[in-house]
Amino acid sequence: MPTAPVGRFAPSPTGTLHLGNLRTALVAWLSIRRAGGTFLLRIEDLDRDRSRPEHEAAQLRDLRAIGVDWDGEPVRQSDRAAAYDDAIDRLDRAGLLYPCWCTRAEIRDAARAPHGDLPEGAYPGTCAHLDAAGRARRAADADRPPALRVRADAARVTVEDRWRGPIAGTVDDFVVRRGDGTVAYNLAVVVDDGRQRIDEVVRGDDLASSAPRQAWLAATLGLPVPSYAHVPLVLGPDGRRLAKRDGAVTLADRAALGEDAATVRGALAASLGIVPPGSRPTPAELVAAFDPAVLVGRGPTRWDPVDGPLT
Ligand code: GLU
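Counting starts from 1 at the beginning of each chain's written sequence and moves along it residue by residue. Only residues with pLDDT of at least 70 get local features here, since the model is predicted, and only at 80 or more are side-chain atom pairs given and counted; chain-wide, interface and lining totals rely on the full set of residues. To get the side-chain values, take all heavy atoms of the structure and skip hydrogens and water.

Let us look at the side chain of Thr-250. Checked against the element boundaries, Thr-250 lands in the loop between strand S11 (234–235) and helix H8 (251–256). In this structure Thr-250 comes out as buried when scored by relative accessible area, which is 10%. Sequence-distant contacts of Thr-250, defined by excluding residues within four places in its chain, comprise Thr-16 and Leu-17. Helix and strand assignments follow DSSP, with helices taken as H or I runs no shorter than four residues and strands as E runs no shorter than two, numbered in order from the N terminus. A simple rule labels every residue: compare its accessible area, found with a 1.4 Å probe on the protein chains alone, to the largest value its type can have, and call it buried under 20%, exposed over 50%, or partly exposed in between. Contacts: residue pairs with any heavy atoms within 4.5 Å of one another.

Okay, the state of the cysteines next. Here, two cysteine sulfur atoms that lie within 2.5 Å of each other are counted as a disulfide. For the structure on display, the rule yields zero disulfides. The structure places no disulfide on Cys-100, whose sulfur is separated from the nearest cysteine sulfur, that of Cys-102, by 3.9 Å. Cys-127 provides the cysteine sulfur closest to Cys-102, a residue in no disulfide bond, and the two sulfurs are 3.8 Å apart. Given a relative accessible area of 10%, Cys-102 falls into the buried group.

In these notes, residues near a molecule or strand are those with any non-hydrogen atom within 4 Å of it. Taken together, the neighbourhood of the ligand is formed by Arg-8, Ala-10, Pro-11, Ser-12, Glu-44, Tyr-185, Val-189, Arg-203 and Leu-207. Ala-10 places a main-chain nitrogen or oxygen 2.7 Å from a nitrogen atom of the ligand. Residues of the shell around the ligand, tallied by class, amount to five nonpolar, one polar and three charged. Polar contacts, as used here, are pairs of N or O atoms within 3.5 Å; protein pairs need one atom able to donate a hydrogen and one able to accept it. Residues neighboring in sequence count only if both atoms are side-chain atoms. Residues are grouped as follows: Ala, Val, Leu, Ile, Met, Phe, Trp, Tyr, Cys and Pro are nonpolar; Asp, Glu, Lys and Arg are charged; every other residue, Gly included, is polar.

Another point: the packing of aromatic side chains. Stacked, tilted and edge-to-face pairs are distinguished by plane angle, under 30 degrees for stacked and over 60 for edge-to-face with tilted covering the rest, among Phe, Tyr and Trp rings (Trp via its six-membered ring) whose centres lie within 6.5 Å. Applying the stated criterion to the full structure yields one aromatic pair. Arranged with centres 6.1 Å apart and planes meeting at 80°, the rings of Phe-174 and Trp-216 form a pair that is edge-to-face. Taken together, the residues Phe-174 in the loop between strand S7 (165–170) and strand S8 (175–177) and Trp-216 in helix H7 (residues 211–220) connect sequence positions 42 residues apart. A relative accessible area of 13% places Trp-216 in the buried class. It is Arg-149 that lies over the ring of Tyr-123; its NZ or CZ is 3.6 Å from the centre. Only Lys NZ and Arg CZ are tested; either one counts as a charge over a ring when it is within 6 Å of the ring centre and within 35 degrees of the ring normal.

Our focus in this paragraph is unusual backbone geometry. Of note, the phi angle at Asp-153 is positive, near 55°, even though the residue is not glycine. Here Asp-153 lies in the loop between strand S5 (147–150) and strand S6 (156–161). Its identity is not glycine, yet Ala-154 carries a phi of approximately 50°, on the positive side.

Here we take up the pattern of salt bridges. For side chains of opposite charge, pairing can occur when their charged atoms come near one another. We define a salt bridge as a contact between a side-chain nitrogen of Lys or Arg and a carboxyl oxygen of Asp or Glu at a distance within 4 Å. For the coordinates displayed, the defined rule picks out 23 salt bridges. With its nearest N and O atoms 3.8 Å apart, the salt bridge here joins Asp-86 to Arg-90. Of the two residues, Asp-86 and Arg-90 are both situated in helix H3 (residues 81–93); the distance of four residues between them amounts to about one turn of the helix. For Asp-86, a relative accessible area of 32% corresponds to the partly exposed category. Judged by its relative accessible area of 33%, Arg-90 falls in the partly exposed class. Note that Glu-200 and Arg-162 form a salt bridge whose closest N and O atoms lie 3.4 Å from each other. Taken together, the positions of Glu-200 in strand S9 (residues 200–204) and Arg-162 in the loop between S6 and S7 put the pair 38 residues apart, joining distant regions of the chain.

As a further point, take the packing of H3 against helix H6 (residues 185–195). Helix packing for two helices is described by the angle between their axes and how far apart those axes are. Look at H3 against H6: their axes get within 10 Å of each other, and the N-to-C directions meet at 105°. In terms of orientation, H3 and H6 fall into the roughly perpendicular class. Between H3, through Ala-83, Tyr-84, Asp-86, Ala-87, Ile-88 and Leu-91, and H6, the contact on the second element is made entirely by Leu-187, Ala-188, Val-191, Asp-192 and Arg-195. Here the contact of H3 with H6 is composed, by residue class, of eight nonpolar, no polar and three charged. Whenever a helix is involved, its axis is fitted only over the stretch in contact; in every case the axis is a line through C-alpha atoms, and angles between N-to-C directions fall within 0 to 180 degrees. Throughout, the term roughly parallel applies to angles under 35 degrees, roughly antiparallel to angles over 145, roughly perpendicular to angles from 65 to 115, and oblique to all others.

Spelled out as structure tokens, the structure:
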């Protein structure tokens, strides 16, 4: 018998969760609860400048209001430096890391030159093959410490997304530690998903292109590679990702319009075809109604929050 899966929601406490974020959380939670699994909450607070305890508190409150609960205490990435250091040490010992002094502008300009197989925006490898003298020169020219990049050798990786199908990517030499010492998102996520024994990574579609990198890094660190499933985004009326500028996009905004959490929960689920429009399901009713197959091949939802409920 397969064991019950472990899943997670991993918000960054840098603002209020909007309805698109809440919809993603709901789906991640439904997928696990439907399968009788364990659902964990991880607070991704490595960005010290933008993370705030009050955002975290509001996010937890909104998740609970929508019906998302979690097992155990939330884990905070800011408490997990030792695990990240350990992973970075292991990559270093395997000879897979190198220092990189490139600025964003240098990467952008270098990327205009042809560079084989790498996708647009990928690191072109400027600092990958410097000898000791080259490194010394770069270090002297730059007035800041280098980032650390992992040597991925343009590995071709295909991740099988449960709802989108295959996501193929060429893995560039991505940053694992920034010049200011902050651990990079891709490293922290992979280490935590591994340590927390996450089987199912269910998250927003905007992170789909990170999946090949993360699957590659998990395998390189000897961690199990989780399954991936990306949830369609909610877009604003202009076709861009839903944002504050679009109007009443948070639970508090909707409450001010007279919609309680059950109404919003139902509207979010209805927008994905999980329940009929106008439903006000309890969390348990939603778990009973959830069929993951409704997510297969589903595109984004465009919504004008000024015009009324999400349908
Ligand atoms: N912390 C990331 C975010 O809020 C999500 C990371 C993930 O789910 O892999 O966008």
